[in-house]
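Fold and geometry: a report
Letter by letter, the chains look like this.
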Amino acid sequence: MKNILDAPFIRQMCATTGNMYRLGWDERNGGNISLLLDECEVSPYLDIRHILRTIPLGFDASGLAGKFFLVTGTGKYFKNVEHDPANNLGLLRISNDGKKAELLWGYSDGGKFTSEFPAHLMSHRARLAVDPQNRVIMHTHPTYTLAMNYVHPLEERSFTHTLWQMCTECIVVFPDGVGVLPWMLCGTTSIGEATAKKMAEFRLVIWGMHGIYGAGRTLDEAFGLIETVEKAAQVYMLTAHLPRINTIRDEELIALAEHFGVTCRRDFLGSPEQD
Ligand code: 2HA
Ligand code: ZN
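A short tour of the structure in this document, coming up. None of the values given here were measured: they were computed from a predicted structure.

A count of helical and extended segments in the chain gives eleven helices and nine strands. In terms of overall size, the chain behaves like a compact globule, its C-alpha atoms giving a radius of gyration of 19 Å where 275 residues would be expected to give roughly 19 Å. For the chain, the C-alpha atoms occupy an extent of roughly 60 × 35 × 35 Å along the three principal directions. By the burial criterion, 55% of the 275 residues in the chain qualify as buried. Taken as a whole, the chain presents about 12100 Å² of accessible surface, with 53% of it coming from carbon and sulfur.

The following block contains the structure:
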């Protein structure tokens, strides 16, 4: 068996959580990530027949039975993942009945998966239905995105349009826009269901006055989506109190989408604040 600490999925998870912590997005135990893995990626590092512990999921994850996930632990700090991955991460398989997690590695102090795991699994299910290559669900609390939640209407059409106007690259990076949920109680199956519903349509979902969810085929893709939203939100927050004398106009947004060959949400253009 190879040493799992050398596995690319562990190294990438350590690097990503460390970067997110240092960007100030993941204070204390804020944020959580789940990464879907193939059996052939896991089996060089672990005897996949050897289950360390079985942990009840608390909801029905059938449809994902037999799938492997690397998941950040509940109560764990992103700050600490890179220094102690075996304690702060867990590698698990969803049981055949979809009701339990079979722990194969990690959570070494007796811990378990993030409290947001229902939202993650439901979001994985929703994204896999539209993109079979989706592997990552990422939740975090980026500072400027959160600040913008308090001063901008929490409405997906105008929120997306404002973000698109803040940096030229935005409409190219997330032409599908940003879904928005109102403030909801976190850690529940109802916020999980609401997130998954949005994930059928968007790779990015704002949790009002809490944070953001991103989905992608790789950790870099999910991170890059959130990073781009956060940059745009930062520009917005640095300028929102000043008179705006220039903007990227809708016809320029359309030209960008056409030039880069992306299909944008045309129904998100033409916001009243542009005129
Ligand atoms: O894992 O961010 O939403 C801590 C959180 C809960
Ligand atoms: Zn959170």
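Turning our eyes to something else, we now look at the side chain of Arg203. Among the secondary structure elements, Arg203 is positioned in the loop between helix H9 (189-199) and strand E8 (204-207). A distance of 3.2 Å separates the side chain of Arg203 from the side chain of Glu221, its partner in a polar contact. Other than its neighbours up to four places away in sequence, Arg203 contacts Arg127, Val173, Phe174, Pro175, Asp176, Tyr213, Gly214, Ala215, Glu221 and Leu225.

Around a metal, the idealised angle for a tetrahedral arrangement of four donor atoms is 109.5 degrees; for an octahedral arrangement of six donor atoms it is 90 or 180 degrees. Around the zinc ion (ligand 2), the donor atoms from the protein are His139 (NE2), His141 (NE2) and His210 (NE2), and they sit 2.1 Å away. In the primary sequence, the donor residues of the zinc ion (ligand 2) line up as H-x1-H-x68-H. Of the two residues, His139 is situated in strand E6 (residues 136-140) and His210 in the loop between E8 and strand E9 (211-216); the sequence distance between them amounts to 71 residues. Judged by its relative accessible area of 17%, His210 falls in the buried class.

Right, let's talk about a nonpolar patch on the surface for a bit. The grouping of Tyr150, Val151, Trp183, Leu185 and Met209 at the surface amounts to a nonpolar patch, some 560 Å² of accessible area in total. Within the element layout of this structure, Trp183 appears in the loop between strand E7 (179-181) and H9. Look at Trp183 and you get exposed, because its relative accessible area is 51%.

The element strand E3 (residues 68-72) is largely enclosed, with a buried count of five among its five residues. Alignment of strand E1 (residues 32-37) against E3, held across four bridges, turns out to be antiparallel. If you follow Ser34 over to E3, its bridge partner there is Val71. Bridge count between E3 and strand E4 (residues 89-94): five bridges; the pairing is antiparallel. Its bridge partner lying in E4, Phe68 is registered against Arg93.

So, on to the site of ligand 1. The immediate surroundings of ligand 1 are formed by Asn29, Gly30, Gly31, Asn32, Glu116, His139, His141 and His210. Contact between ligand 1 and Asn29: an oxygen atom at 3.3 Å from a main-chain N or O atom of the residue. Between ligand 1 and the protein, one listed contact pairs an oxygen atom with a side-chain N or O atom of Glu116 at 2.7 Å. When grouped by side-chain class, the residues that make up the shell around ligand 1 number no nonpolar, seven polar and one charged.

Note that soluble globular proteins tend to have their nonpolar side chains buried in a common cluster. Residues Phe9, Leu70 and Leu91 are the most contacted members of the largest nonpolar core, which totals 86 residues. At nine residues, helix H10 (residues 219-239) tops the list of elements feeding residues into this core. In contact with Leu70, other than residues within four places in its own chain, are Phe9, Ile10, Met13, Ile33, Ser34, Leu35, Leu37, Leu89, Gly90, Leu91 and Trp105.

Before going further, it helps to examine the environment of Tyr150. Summarising the element assignment, Tyr150 is placed in helix H6 (residues 143-151). Among the residues examined, Tyr150 registers a relative accessible area of 54% and is labelled exposed. Through-space distance from the C-alpha of Tyr150 to that of Ile171 is 23 Å; in sequence the pair is 21 residues apart.

Each value, and the rule that gives it
Residues numbered from 1 in each chain as written. Chains lettered and ligands numbered in written order. Predicted model: local features only at pLDDT ≥ 70, side-chain atom pairs only at ≥ 80, totals over all residues. Heavy atoms only, no water. Helix = DSSP H or I, 4+ residues; strand = E, 2+ residues; numbered from the N terminus. Rg over C-alpha atoms; globule rule 2.2 N^0.38 Å. Buried < 20%, exposed > 50% of the residue type's maximum accessible area, 1.4 Å probe, protein only. Areas by Shrake-Rupley, 256 points an atom, 1.4 Å probe, with all protein chains shown as cover. Polar contact = N/O pair within 3.5 Å; in protein donor to acceptor, adjacent residues only side chain to side chain. Contact = heavy atoms within 4.5 Å. Donors = N, O, S within 2.8 Å, 3.2 Å for Na, K, Ca; no water. Patch = residues over 30% accessible without salt bridge, like charges linked within 9 Å, V, L, I, M, F, W, Y side chains within 5 Å. Salt bridge = Lys/Arg side-chain N within 4 Å of Asp/Glu carboxyl O. Pairing = 2+ DSSP bridges. Near = heavy atom within 4 Å. Nonpolar A, V, L, I, M, F, W, Y, C, P; charged D, E, K, R; others polar. Core = buried A, V, L, I, M, F, W, Y, C linked by side-chain atoms within 4.5 Å.

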